[in-house]
Structures are given as C-alpha cells and as structure tokens.
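Here is how the chains run, residue by residue.
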Amino acid sequence: MVTAAGPWDSTGQRTAERDRVVAREHTGGADHGRGSGAAGSPRPAPSAGAVLAALGGTTAPGGGTKAAPADGTAVAEVLDPLLEDPALGTHRAASVVDLTTGKRLYGLGGDVPLTPASTTKIATAVAALTALGPDHRLTTRAALEADTGELVLVGGGDPTLTAREDARGLASLRTLAEKTAAALEKRDVRKVTLSYDTTLYAGAEMHPIGVNENLAPVTALMADEARTDDSTSGPAPREGDPADAAARAFAGFLKQHGITASAPGPSKATDRSDTLATVSSPPLSALVERMLTNSDNDLAEALARHTAAASGRPADFDGASAAVGETLKRLGLPVGGARFHDGSGLDRADLVTADLLTALLAEAADPARPQLRPVLTGLPVAGFTGTLAGRYTDGAAGLVRAKTGTLTGVNTLAGTATTPDGHVLAFAFLANETTDPWTAQYTLDKAATSLT
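Residues numbered from 1 in each chain as written. Predicted model: local features only at pLDDT ≥ 70, side-chain atom pairs only at ≥ 80, totals over all residues. Heavy atoms only, no water.

(A) Just the packing of aromatic side chains, in detail. Following the criterion strictly, the structure yields 1 aromatic pair and no others. Taken together, a centroid distance of 5.1 Å and an interplanar angle of 25 degrees make the contact between Phe 427 and Phe 429 stacked. For the pair Phe 427 and Phe 429, a shared accessibility class is recorded, and that class is buried. A cation over an aromatic ring shows up here: Arg 305 above the ring of Tyr 201, its NZ or CZ 5.6 Å from the ring centre. The ring centre of Phe 317 lies 4.2 Å from the NZ or CZ of Arg 305, which sits over that ring. (Phe/Tyr/Trp six-rings, centres within 6.5 Å; stacked < 30°, edge-to-face > 60°. Buried < 20%, exposed > 50% of the residue type's maximum accessible area, 1.4 Å probe, protein only. Lys NZ or Arg CZ within 6 Å of the ring centre and 35° of its normal.)

(B) Representation of unusual backbone geometry in the model. The residue Arg 168 is not glycine, and still its phi comes out positive at about 50 degrees. Along the chain, Arg 168 falls in the loop between β4 (150–154) and α5 (173–186). Given a relative accessible area of 73%, Arg 168 falls into the exposed group. Notably, Asp 224 is not glycine yet its phi reads approximately 55 degrees, a positive angle. You can see Asp 224 is positioned in the loop between β5 (191–197) and α6 (242–256). (Helix = DSSP H or I, 4+ residues; strand = E, 2+ residues; numbered from the N terminus.)

(C) Fine view of the pattern of salt bridges. This model, assessed by the stated rule, comprises 15 salt bridges. Ionic pairing is found between Arg 190 and Glu 185, a salt bridge with its closest N-O pair at 3.4 Å. Given the relative accessible area of 34%, Glu 185 is considered partly exposed. Here Glu 326 and Arg 313 are joined by a salt bridge, their closest N and O atoms 2.2 Å apart. Of this pair, Glu 326 sits in helix α9 (residues 317–330) while Arg 313 sits in the loop between α8 (297–310) and α9, and the two are 13 residues apart along the sequence. When its relative accessible area of 35% is taken as the criterion, Arg 313 is described as partly exposed. (Salt bridge = Lys/Arg side-chain N within 4 Å of Asp/Glu carboxyl O.)

(D) Up close: the sheet that holds strand β2 (residues 103–108). The strand order across the open sheet built from 5 strands is β2-β1-β11-β10-β9, with neighbouring strands paired in antiparallel fashion. Each having just a single partner strand, β2 and β9 (400–407) make up the two edges of the open sheet. The mean angle between the axes of side-by-side strands here comes to 5 degrees, regardless of whether they run parallel or antiparallel. Pairing geometry for strand β1 (residues 91–98) and strand β11 (residues 424–432), over 8 bridges, is antiparallel. Its bridge partner being in β11, Ala 94 is matched across the sheet by Phe 429. (Pairing = 2+ DSSP bridges. Axes fitted to C-alpha atoms, helices over the stretch in contact; angles between N-to-C directions.)

(E) Geometry of the packing of helix α7 (residues 284–294) against α8. Running from N to C, α7 and α8 cross one another at 135 degrees; their axes reach a closest spacing of 9 Å. As summarised for this structure, α7 and α8 are arranged oblique, according to the angle between their axes. The crossing of α7 and α8 is left-handed. Mapping the contact onto sequence places Leu 284, Leu 287, Val 288, Arg 290 and Met 291 in α7 and Leu 299, Ala 300 and Leu 303 in α8. Class assignment of the residues belonging to the contact of α7 with α8 gives a composition of 7 nonpolar, no polar and 1 charged. (Parallel < 35°, antiparallel > 145°, perpendicular 65-115°, else oblique. Left-handed = near helix turned anticlockwise from the far one by under 90°. Contact = heavy atoms within 4.5 Å. Nonpolar A, V, L, I, M, F, W, Y, C, P; charged D, E, K, R; others polar.)

(F) Structural detail: the pairing of strand β10 (residues 410–418). For β10, the tally of buried residues reaches 8 of 9 residues, placing the bulk of the element in the interior. Once β9 ends, the chain turns through 2 residues before running back antiparallel as β10, passing Gly 409 with a positive phi of about 80 degrees. Two elements, β10 and β11, share 9 bridges in a ladder whose sense is antiparallel. Each residue of the ladder has a partner; that of Thr 412, found in β11, is Leu 430. Between β10 and β11, which pair antiparallel and follow one another directly, the connecting turn spans 5 residues, one of which, Gly 422, has a positive phi of 95 degrees.

(G) Molecular detail of the confidence of the model for the protein. Taken residue by residue, the protein gives an average pLDDT of 88. The fraction at 70 or more is 84%. Scored below 50 in pLDDT, residues 10–14 shows 14 contacts in the model against residues more than four places distant or in partner chains. Considering only residues more than four positions removed or in separate chains, one finds that residues 16–45, a stretch of pLDDT under 50, has 17 contacts. (pLDDT = per-residue confidence, 0-100.)

(H) Focus on the nonpolar core. Among the nonpolar cores identified, the biggest contains 42 residues, and Ile 122, Leu 328, Phe 340, Leu 356, Leu 357, Leu 360 and Val 375 are the most heavily contacted of them. Elements that contribute at least two residues to this core include exactly α4 (120–132), α7, α8, α9, α10 (354–365), α11 (374–377) and β11. A per-element tally of this core places α4 first, with 8 residues. Among residues more than four places away in sequence, those in contact with Leu 357 are Thr 119, Ile 122, Val 352, Ala 414, Ala 428 and Leu 430. (Core = buried A, V, L, I, M, F, W, Y, C linked by side-chain atoms within 4.5 Å.)

Right, dumping it as structure tokens:
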C-alpha cells in the first residue's frame, strides 16, 4: 500500500504532495498555509517534526547532519547550565538514556529519591500492564440474587464507566441497564430491590490529600469518575458518594425500560447470584494511554488497585503501593529508595529516582516487552495532546513526548525526545522545593527541547 501511494521523502512526506503544494505556491510551515496572519487572527498551530527519519541521518535545521551523541559530553554541555537554574529549587535530579543503544548519556543525582508528583503514573502504568496484560478489561455487572430477588450492581473498578448518552467507546451504564431490563423481563420481573457492591476494593476510599477536585473517593463503582459537570479530564467537582450516585443513575435507566427499582443501598453479591448483564471497559492498553495523556488520577488509583488484586494483595492504598513496588522489582528495575504511597503521585510522600524513571521508559521500549508499549504511546505529545497541548508551541512540538508532574514546590518531567537522526532519548528531570512553578516548568521544557 505504501508503494502504491507513491514515493516518500526522508521526512515522511509524499513527494507528490510536496510537489503539489509547491505548484500551488503555498507557504505551508508552522502556520499551515495561513501566512503571517493579521492582528487578532488565530495563533498558528505548531508543526510536528519529521515523522520518518532517513536511515543514514537527516539534515538538521540550519544545515549539517547531526548524529546521536556517542557519549554524554554533548548532552552535559547542553543540560548542565539549564539544570543549574535557581528556578529548579534546592533539590534536582536528571537522567538521560539513549533508547536506541541503551547507553546512559547523562546523570545528575540520578539515584537520589525525590518527590515525583504525577510522573509516578509511569511506574503505575508499567506495573499494571505487567500484572494484568494489555488486553485486560474492567467489567461492571448486574447480578440477581436467587434467594432474595435482590438486584446487585457490582462495581468492577472501572472509573471510566459512563452514564452519558454518548459512551464514546467506554462501558455504558445505560447499556448495562438496557441489557439488565431485558433479562428481568424474560423472568417476568418488573420490580426489584436494588443494591450496589463495592467490595472489590478494600480500605479507606479517601486519598490522604482529602476532598479534592483532582480525585474522587476511590471506590470500585463510579460513573464518569464521579464528575458532577460535563468534563472528561482535569479537576472537577465530584460526588461525595460515587457508588450511590452511580446506582441511582442505574435505577433511572432501568425505569426507562419498564423496571422499577428501590432506592439503592450497599450490599455484597453472593456466589449464588446470577449475572444478568455485563459491560466492559476498553482494554488496559487504552486505559493506560488515557491515564498518561490526561494525567488521570482516578484511573491511576484504579489501576494500582487492580495491580494489587492481581498480585494477591489487598486492593487498598497500602496493598496497591506494595504491589507496584514489588512488580517493578521483579522486572529488575532500580527501585532502591523508591517509595509508593498511591498510584497517582498526589501523595507528597512518594519517592522516585530519575534513574528509575528512565529505566521504566527503557523497559517500555524493549522489543522483548511489547505489552508495555502503551507507556510510550500514551505520553502526551508536546504541543498537541494532553497535559503538553499548550506547551512547546515555539520549540520541540511533536518531538518530545513526556509525562508532567506538578505539586506545590515540585516540578517534574519524564519522557522521550527524538533527535534529528531518529534516535530516541529517554529523559527524567525532577525538581523539588521550587519557588516559581512557571519558571521551573519553562526550564524543564527547555531542557527537554535541547535534547532534540
């Protein structure tokens, strides 16, 4: 098919398309044909770098051919001055690894544990994919108790379960209600006592940070991450009791199909119950990508708990934290000094080293571990997606993919950068006790850009 489509040049552009643009005298480039633009016109969209690299290296902007650094000298010359910026606070660490060769090119306090903020999610992603596999799905079901006739909505730990009319490929609470109603009608049942089961998870639902718009109470049953607005990512007001809210929504959908349900309450489905209907999430590979792209805290905590359950640990904060650490250790990763207290990185007691973050990325790039590839494909793309959509518009748009991390006094960034000849570098930058978060963020972005 590629051959039939016509010749391609070394930048990944079809030569026929390039020639056509030239013939039409379109300027193209960063403004995508809009020219310089008048005052008040939309800001030009950034252009991604070359999609395909020539086998022997490509000509870099400004002329000349750049090769991937043979040693860390060139990297150190660029990074050292940037990482000495006072904006990065009193504690900083960095690590750079060439994923093409596996060689470490740069290290600054790489083995010193620091607060990672949301870059913790990279560890959560690797652990979940390792423990569960990329095809694993989270299933929510409706079960009917044979003895009592009680209908139990059983939470499967899927925070992406949606009550919205347009499910957009997610598990739908409306579909579950429709299938459940059809099954009940076959049994000539039109009225039920409704309850809900959240016992898949154990322990406290409230994260140590307390009530916070960045995270709903962690429970095995919720719809749309318990958001009370129309948002799908980022901070939002949350339901105080996500499971009860989801069960009430389920009851409303049942009523639309002729089934009357009582006000729901907590319960536990027995082994004797009969499953009437199920709905399942997208595969874990897609959930991991969503978690990383949007820095989804609810998904991160859910995946950490599922990792615990798959590892034979209690699905609570302690069990999830222990399971993540143990899984990474079994992979042979440098977990010395690392401390996990949650899956999202919202807990300031979390500790991770820069060396561990680059090792995680290298593991995900290993051809022998294709199941971990969503860790790389889920990283936000600079200038285009997720938490990097508004960054790098004047720099390395399309060439950097990275997970961001931000807490008060903490700025972190870990991901990959593509060099002009197609080498992919894994990097991790951690800065603690920062006093100016915007300047610190800018400095870390500049450091990542310098690698390209």
